[in-house]
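Observations on chain architecture
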Amino acid sequence: MKVVFKIKSKGVQSEHTMEMNTTVNIGRSRSAQISLQDEKISGNHCSFFLKRDRLELTDKDSKNGTYLNGIRIEQSEVFIGDQIRVGDTLITIEEDKMSPDSVDILTFPGPKKDRIDYALKADFTGARIQNQQYHERIQKTAEAASHEKEVFLRLKAKSKIRLDKHELRARYKMRSLIATMFDGVLIVFFFVFPIFVFSKQLIPAILLGAGVVSAVSFFFITFKKMRFTLGEQITGIEDLYKKQ
């Protein structure tokens, strides 16, 4: 089994062939199997993994996101006819240059055995389509729809497509604002605390340096190393992500 991708970037069209049980990384990095000179994509933006019976797409925590048929995803199965957009680059599957067996496997809802399963339950394959239909409906009433209802519908559809942390922050602006304020207060605290504690023992220059190092260290750990900041954990944004 193999997949042939058609890649259109800045008006230039190219192809890439992927064999079974291999991973293809996409990004601006020269080490990526599909290296693209697109300023809007990350060095290691996303990747495809081709199994015996499916093709999976995974976002690598990219800055501008990976979009499948207009939906920002973290991980999803991909079928013939789908459109993957990264930055200004469009990626599709070149059906005409694939074997009949490969085409059959990557045609929704998959091979015959999966079609039988789909008639009995919503599996990983069918959940993606159900989620897309729900996503189209939710767009019109996004402000009014509660997160609890969205989580219920996603779980009911057994969806594997989840809102990523960037989209959660955008949807819950008030919580994000409170979380940012809380993180800001903590940064100030870590700056002032060393000065307050050692003010009677050290000279002002050393105190100032200790405060700066403490504040910068806290900022680096909170915003660079942690998936969610302390403010986002306290305001429940991390819980919303886990409940999906």
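Residues numbered from 1 in each chain as written. Predicted model: local features only at pLDDT ≥ 70, side-chain atom pairs only at ≥ 80, totals over all residues. Heavy atoms only, no water.

It is worth spelling out the overall build of the protein at this point. A tally of helices and strands in the protein yields nine helices and eleven strands. With 244 residues in all, the protein has 42% of them scored as buried. If you take every contact in the protein between residues at least 6 apart in sequence, the share linking residues at least 24 apart comes to 50%. Of the roughly 14100 Å² of accessible surface on the protein, 57% is carried by carbon and sulfur atoms. (Helix = DSSP H or I, 4+ residues; strand = E, 2+ residues; numbered from the N terminus. Buried < 20%, exposed > 50% of the residue type's maximum accessible area, 1.4 Å probe, protein only. Contact = heavy atoms within 4.5 Å. Areas by Shrake-Rupley, 256 points an atom, 1.4 Å probe, with all protein chains shown as cover.)

This prediction gives the protein a mean pLDDT of 77; 71% of its residues lie at or above 70. Within the model, pLDDT remains below 50 along residues 112-126, and this stretch shows 23 contacts once partners closer than five positions in the same chain are excluded. (pLDDT = per-residue confidence, 0-100.)

All right, on to the sheet that holds strand S8 (residues 71-73) then. The six strands lie next to each other as S2-S1-S11-S10-S7-S8, forming an open sheet whose pairing is antiparallel. A strand with exactly one partner marks an edge of an open sheet, and here the two such strands are strand S2 (12-19) and S8. Geometrically, the sheet is characterised by an average inter-axis angle of 30 degrees between neighbouring strands, direction not taken into account. Bridge analysis of strand S10 (residues 84-86) against strand S11 (residues 89-93) gives three bridges, and the strand direction is antiparallel. In the strand pairing of S11, Val-86 is matched with Thr-89. (Pairing = 2+ DSSP bridges. Axes fitted to C-alpha atoms, helices over the stretch in contact; angles between N-to-C directions.)

With four of its five residues buried, strand S6 (residues 55-59) lies for the most part within the structure. As defined by bridge partners, strand S5 (residues 46-50) adjoins S6 across five bridges and the pair is classed as antiparallel. Pairing of Phe-49 across the sheet is with Glu-56, part of S6. Hairpin connection, S5 to S6: the antiparallel pair is bridged by four residues. Here S6 pairs with strand S9 (residues 75-78) via four bridges, running antiparallel. Along S9, the bridge assignment pairs Leu-57 with Ser-76.

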